[in-house]
Amino acid sequence: MSSTTNEKIIAAKAALKLVEHGMVVGLGSGSTSAIMIELLGKACREGLNIKGVASSGISEKLAIKEGIPVISLDVAPKIDINIDGADEFDTKLQLIKGGGGALLREKIIAHFASKNVIIVDSSKKVEQLGSFPLPIEVIPFAQRKIMDELGQMGLSPQVRLHNGKEYRTDQHNSILDLDIQGQTDLETLQSSLINIPGIVETGLFLNTTNLIIMGSGNETKTFQ
Ligand SMILES: O=C(CO)[C@H](O)[C@H](O)COP(=O)(O)O
């Protein structure tokens, strides 16, 4: 097993300790969240009584396979805890997410959750966000014009591809990956992007996270 995978498992095991009987749990997306879902599934099979709200079709399928009762956000009375991964984080608990293309539902769940826990391996910690290209979800109808505008803003948008075709999200939208290196005013960047009609959401998670659990070697480090 790679040291990165080991760190993801260690972080997920630490997060599992925060999940209590009766909770509604937000299920993140990506490889670290998949480990989390597998751990939650095992705990459910051993008697833990929780319900999950999935942030992507892939996570939903995995959760069902693992035996976690999955409910839709609409019928969830609340989300007690949301456990998700990240592509980058800084010590101000700001994140870039969306490497797996699930940023919209991930951000919706994060907004409605009482507590947001991010689980990561140590490669995800950065001084300043932006080495990882920022994913944004856009309506395909407006994609070409949005790309022109983002190009003028110096953000070098790239259309995300999958198997040689344009990637489509669970909501049938496109993902553009932006170069935000050197951008320090992330709140303003978020406002500028979200104000462009056709940009549905961005992968900047600036004020949602309560706790980050990072696997570091055989230990965890926390940021809160
Ligand atoms: O935001 C995400 C998916 O949209 C993931 O949480 C992010 O890409 C991290 O993935 P991984 O755990 O595989 O490194």
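Thresholds applied
- Residues numbered from 1 in each chain as written.
- Predicted model: local features only at pLDDT ≥ 70, side-chain atom pairs only at ≥ 80, totals over all residues.
- Axes fitted to C-alpha atoms, helices over the stretch in contact; angles between N-to-C directions.
- Helix = DSSP H or I, 4+ residues; strand = E, 2+ residues; numbered from the N terminus.
- Parallel < 35°, antiparallel > 145°, perpendicular 65-115°, else oblique.
- Left-handed = near helix turned anticlockwise from the far one by under 90°.
- Contact = placed C-beta atoms within 7 Å.
- Nonpolar A, V, L, I, M, F, W, Y, C, P; charged D, E, K, R; others polar.
- Pairing = 2+ DSSP bridges.
- Core = buried A, V, L, I, M, F, W, Y, C linked by C-beta atoms within 7 Å.
- Buried ≥ 20, exposed ≤ 12 C-beta atoms within 10 Å, placed from the backbone.
- Domains from an automatic or database assignment.
- UniProt positions renumbered as here; feature names shortened; annotations may be inferred.
- Near = placed C-beta within 6 Å.

A few points about the packing of helix α1 (residues 3-16) against helix α2 (residues 31-45)
Logical step 1: It is the contact of α1 with α2, at a shortest axis distance of 9 Å, that shows an interaxial angle of 45°. Of the possible angle classes, the one that applies to α1 and α2 is oblique. At the point where α1 passes α2, the crossing takes the right-handed sense. Taken together, the residues of α2 that come into contact with α1 (itself represented by Lys8, Ile9, Ala11, Ala12, Lys13, Ala15 and Leu16) are Ser31, Thr32, Ile35, Met36, Leu39, Leu40 and Ala43.
Logical step 2: For the contact of α1 with α2, the residue count by class is 10 nonpolar, two polar and two charged.

Some words on the sheet that holds strand β8 (residues 158-159)
Logical step 1: Sheet architecture is open: four strands sit in the order β8-β11-β7-β12, paired in antiparallel fashion. With one partner strand each, in any of the chains shown, β8 and β12 (199-202) form the two edges of the open sheet.
Logical step 2: The pairing of strand β7 (residues 134-138) with strand β11 (residues 174-178) spans five bridges and is antiparallel. Among the inter-strand pairings, leucine 134 is bridged to a residue of β11, identified as leucine 178.
Logical step 3: On top of the sheet, helix α5 (residues 143-152) reaches β7, β11 and β12; it is set at about 10° to β11, its chief contact.
Logical step 4: On the sheet, helix α6 (residues 186-194) packs against β7 and β12 and is oriented at approximately 160° with respect to β12.

Considering the sheet that holds strand β2 (residues 51-54)
Across a sheet, paired strands are connected by hydrogen bonds in the backbone, their directions being either parallel or antiparallel.
Logical step 1: In spatial order, the strands read β2-β1-β3-β6-β14-β15; together these six strands make up an open sheet with mixed pairing. Unpaired on one side and paired on the other, β2 and β15 (219-223) mark the two borders of the sheet. Neighbour-to-neighbour, the strand axes of the sheet open up by a mean angle of 25°, direction not taken into account.
Logical step 2: Direction of pairing for strand β1 (residues 24-27) relative to β2: parallel, over a ladder of four bridges. Along β2, the bridge assignment pairs glycine 26 with valine 53.
Logical step 3: Against the sheet, α1 makes contact with β3 (81-84), β6 (116-121), β14 (211-216) and β15, and its axis sits at roughly 140° relative to β14, the strand it touches most.
Logical step 4: The sheet contacts of helix α3 (residues 57-66) involve β1 and β2, and relative to β2 the element is tilted by about 155°.

Some points on the nonpolar core
Logical step 1: Ala11, Ala15, Met36, Ile37, Ile118, Ile119 and Val120 are the most contacted members of the largest nonpolar core, which totals 52 residues.
Logical step 2: Top contributing element to this core by residue count: α2, with five residues.
Logical step 3: Here this core spans two domains, since at least three of its residues come from each of domain 1 (3-125 + 206-218) and domain 2 (134-202).
Logical step 4: If we skip the residues at most four places from it in the chain, isoleucine 119 touches Ala11, Ala12, Ala15, Thr32, Met36, Ile83, Gly85 and Ile213.

Considerations on the UniProt feature "active site" (unreviewed entry) in the chain
Logical step 1: According to UniProt, the "active site" (unreviewed entry) feature falls on Glu106.
Logical step 2: Take glutamate 106: it is sitting in helix α4 (residues 103-112).
Logical step 3: Exposure remark for glutamate 106: the 32 C-beta atoms within 10 Å place this residue in the buried category.
Logical step 4: Residues in contact with glutamate 106, not counting those within four places in the same chain, are Gly28, Ser29, Ser55, Asp84 and Lys97.

Things to note about the site of the ligand
Logical step 1: The immediate surroundings of the ligand are formed by 18 residues, with Gly30, Thr32, Gly85, Gly99 and Gly100 found nearest.
Logical step 2: Mapped onto the shell around the ligand, the elements with two or more residues apiece are α2 and α4.
Logical step 3: At three residues, the largest contribution of residues to the shell around the ligand is made by α2.
Logical step 4: Taken together, the residues of the shell around the ligand break down into three nonpolar, 11 polar and four charged.

Some words on the domain arrangement of the chain
Logical step 1: Splitting the chain by domain gives domain 1 (3-125 + 206-218) and domain 2 (134-202).
Logical step 2: The interface is formed by 13 residues belonging to domain 1 together with 13 residues belonging to domain 2.
Logical step 3: Among the elements that make up the side of domain 1 that touches domain 2, the one with the highest residue count is α4 (four residues).
Logical step 4: Residues of the side of domain 1 that touches domain 2, tallied by class, amount to five nonpolar, six polar and two charged.

Observations regarding the packing of α2 against α3
Logical step 1: In the contact formed by α2 and α3, the axes pass within 9 Å of each other and the chain directions differ by 25°. When the axis of α2 is compared with that of α3, the two are roughly parallel. As α2 packs across α3, the resulting crossing turns out to be right-handed. Where α2 abuts α3, its residues Ser33, Ala34, Ile37, Glu38 and Gly41 lie against Ser59, Leu62, Ala63 and Glu66.

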